[in-house]
Amino acid sequence: RVSYCSVETVQVLYPRKNIPALAKYFGTKARYEEVNPYLLDDILAVNKSLLKPPSVNCIPVHLTAVIRHGTRYPTTKNIQKMHRLYDLVSREATNGEKWLRDIKTEWKMWYTEDMDGQIVEKGRDDHRHLAVRLARSFPSLISEENLRSNRIKFMTSSKHRCVDSTVAFIEGLKNLWEVKDLDFSHEVNDPLMRFFDQCRRFIEHVEKNKNALKEVDLFKSTSEMKRVQRNVANRLRLQYSKVTPDLVEAAFYLCSYEFSIKSVNSPWCNLFDEVDAKVLEYANDLKQYWKRGYGHDINRKSSCILFHDVFSRLDRAAHEIRFGHVTEAVTVQVGHAETLLPLLSLMGFYKDETPLTADNYALQGNRTFRTSRIVPYAANLVFVLYDCEEGLRLQFLLNERPLTFPSISHSAPLYETVREHYKDLLEGCNFEEECELPKTSCSKCSEL
Ligand SMILES: O=P(O)(O)O[C@H]1[C@H](OP(=O)(O)O)[C@@H](OP(=O)(O)O)[C@H](O)[C@@H](O)[C@H]1OP(=O)(O)O
């Protein structure tokens, strides 16, 4: 039925070959397909064996999805770094192997500052395809009838990449059901989808506080990073001192963006081996951990507002189903990695025993906090409420795979069990209180 996107087209666009060995280490710049490689054979495939209802007699009654925007261009800050690297290599690297000659003579710098984090066509596809897969996975909820009767609500952050992703998601559904003539609206809601911008304690204690990310800075001077710097300098035949950690990061970004945007295994990827890539993956995880994850309490707490929003939707559906009709069958909320990670951390997912720090890279080889797996482009958290004989059950999926709630072994526990588990957050976790600053301004910010 989905003629706009045949499997043949998909294979031409996103081939299995030409995947850099480094692709699974791209962190928040990773392609969604690396998390679910079966999509490379059929981008609309649904893994039915993973997506089962809790039992045969359970009926899904509500679904809330919190989704990261699709593949995007680099931000201006990173485009500038890429230009600096490209200029240095063009000017000073001496010709060597073919890939280096390719960088210097064949490859053209095509990133411009105005691209600044905007969605790319692949990113729109990410959402069009995800919409179709979710509709196939939950056909009674994400259905033509529910779309037509406005029982599917769309909400987005105001950033262009999120709005464009939302529009693409809706497009995916419209193409699926041939309802192209109808218009469906979306609500822009920054207090919910960009709560981090409105949380003053987070802004003062983390965003504006250089000390908050000190582990990220310290990691730049570790022996692991220095080894990567040396490797890159040697491969480029440049003086070690010229290849700063920032330029190493820029080269890794070039490899990742060329791949995620154009499906190209670019010559820039030759600057790294897998050991280097793991170090750079850790550098990105450190940033996410200290800026959006467990590093500072306020990172998680800033998402209290979204946590309550999700649970109030579930509560409403749980209440309404007693009378036989749920008003809002589906909510689709589109935001950022910095929307999903704080919420996941608030709910206790991917918490390692030992914090991620600059000096424990070697110990963290088996860490669960691995952003390449958790928040690639179009990453999605899906909550599905089921009406079952024994009561209501809640299933949680991350990137279309079931995930058990921390300390609850059942894959779809009773809803009341989940509520009990999060009792403290449900009764507290007040955004206003957590995010307000002490009246005496921020004299203690540097003591984090
Ligand atoms: O390192 P960049 O400039 O790409 O950082 C982006 C964020 O990207 P991420 O660190 O998650 O890879 C971007 O998050 P996204 O989910 O919207 O892609 C964030 O919105 C943007 O503000 C940049 O953050 P930074 O604070 O400038 O590093």
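See above for the structure.
Rules behind the numbers
Residues numbered from 1 in each chain as written. Predicted model: local features only at pLDDT ≥ 70, side-chain atom pairs only at ≥ 80, totals over all residues. Heavy atoms only, no water. Near = heavy atom within 4 Å. Polar contact = N/O pair within 3.5 Å; in protein donor to acceptor, adjacent residues only side chain to side chain. Areas by Shrake-Rupley, 256 points an atom, 1.4 Å probe, with all protein chains shown as cover. 1 Å grid on protein atoms, 1.4 Å probe; cavity = no way out; pocket = protein on both sides within 12 Å on 5 of 7 lines; lining within 4 Å. Sits in = over half its atoms within 2 Å of the grid points. Helix = DSSP H or I, 4+ residues; strand = E, 2+ residues; numbered from the N terminus. Buried < 20%, exposed > 50% of the residue type's maximum accessible area, 1.4 Å probe, protein only. Contact = heavy atoms within 4.5 Å. Pairing = 2+ DSSP bridges. Axes fitted to C-alpha atoms, helices over the stretch in contact; angles between N-to-C directions. Points joined across faces, edges and corners; volume = space filled by probe spheres on them. Nonpolar A, V, L, I, M, F, W, Y, C, P; charged D, E, K, R; others polar. Salt bridge = Lys/Arg side-chain N within 4 Å of Asp/Glu carboxyl O.

*Asks:* How would you explain the site of the ligand if you had to name every residue and give the values?
*Replies:* Contacts to the ligand come from 17 residues, most closely from T28, K29, T75, K291 and E338. Between the ligand and R72, the relevant distance is 2.7 Å, taken from an oxygen atom to a side-chain nitrogen or oxygen of the residue. Considering the ligand on its own, with 540 Å² of exposed area, one finds that the protein chains cover 86% of that surface. Mapping the ligand onto the cavity grids shows that it belongs to the largest pocket. Elements with a minimum of two residues in the shell around the ligand: α2 (76-92), α12 (274-291) and α15 (337-346). Looking at which element gives the most residues to the shell around the ligand, the answer is α12, with three residues.

*Asks:* A description of helix α8 (residues 200-207) should follow, citing residues and the corresponding values.
*Replies:* Within α8, the full set of buried residues consists of F202, I203, H205 and V206. Elements in contact with the buried residues of α8: α12 and α13 (297-301).

*Asks:* Which residues make up the sheet that holds strand β6 (residues 391-398), and what values go with them?
*Replies:* The strand order across the open sheet formed by seven strands is β3-β2-β4-β1-β5-β6-β7, and the pairing between neighbours is mixed. The open sheet is flanked by β3 (187-188) and β7 (401-402), the only strands paired with a single partner. Alignment of strand β2 (residues 152-156) against strand β4 (residues 330-335), held across five bridges, turns out to be parallel. Within β4, the residue paired with F154 across the bridge is V332. Helix α6 (residues 160-177) contacts β1 (59-68), β2 and β4 of the sheet and is inclined by roughly 160 degrees relative to β2. Of the strands in this sheet, β1, β2, β4, β5 (380-388) and β6 touch helix α14 (residues 304-320), which is tilted by about 165 degrees from β1.

*Asks:* If you had to explain the layout of surface pockets to someone new, which residues and values would you point to?
*Replies:* Each pocket or cavity is described by its volume, and for the largest pocket that value is around 1,100 Å³. Taken together, 48 residues make up the lining of the largest pocket; nearest its centre are K77, N78, Y253, K287 and K291. Elements represented by at least two residues in the lining of the largest pocket include exactly α2, α6, α8, α9 (214-219), α11 (245-262), α12 and α15. Tallying contributions element by element places α12 first for the lining of the largest pocket, with seven residues. When its residues are assigned to classes, the lining of the largest pocket shows 14 nonpolar, 12 polar and 22 charged.

*Asks:* Explain the pattern of salt bridges to me, and be specific about the residues and the numbers.
*Replies:* The tally for this structure, following the rule as stated, stands at 37 salt bridges. For R91, the salt bridge goes to E92, with nearest N and O atoms at 3.5 Å. For R91, a relative accessible area of 58% gives the class exposed. For R128, the salt bridge is made with E171, and the minimal N-O distance between the two is 2.7 Å. Here the residue R128 occupies a position in helix α4 (residues 121-137), and E171 occupies one in helix α6, the gap between them amounting to 43 residues. With relative accessibility at 11%, the residue R128 sits in the buried group. Residue classification places E171 among the partly exposed positions, given a relative accessible area of 30%. Each of K81, D217, K220, D246 and E249 takes part in one network of salt bridges that share partners.

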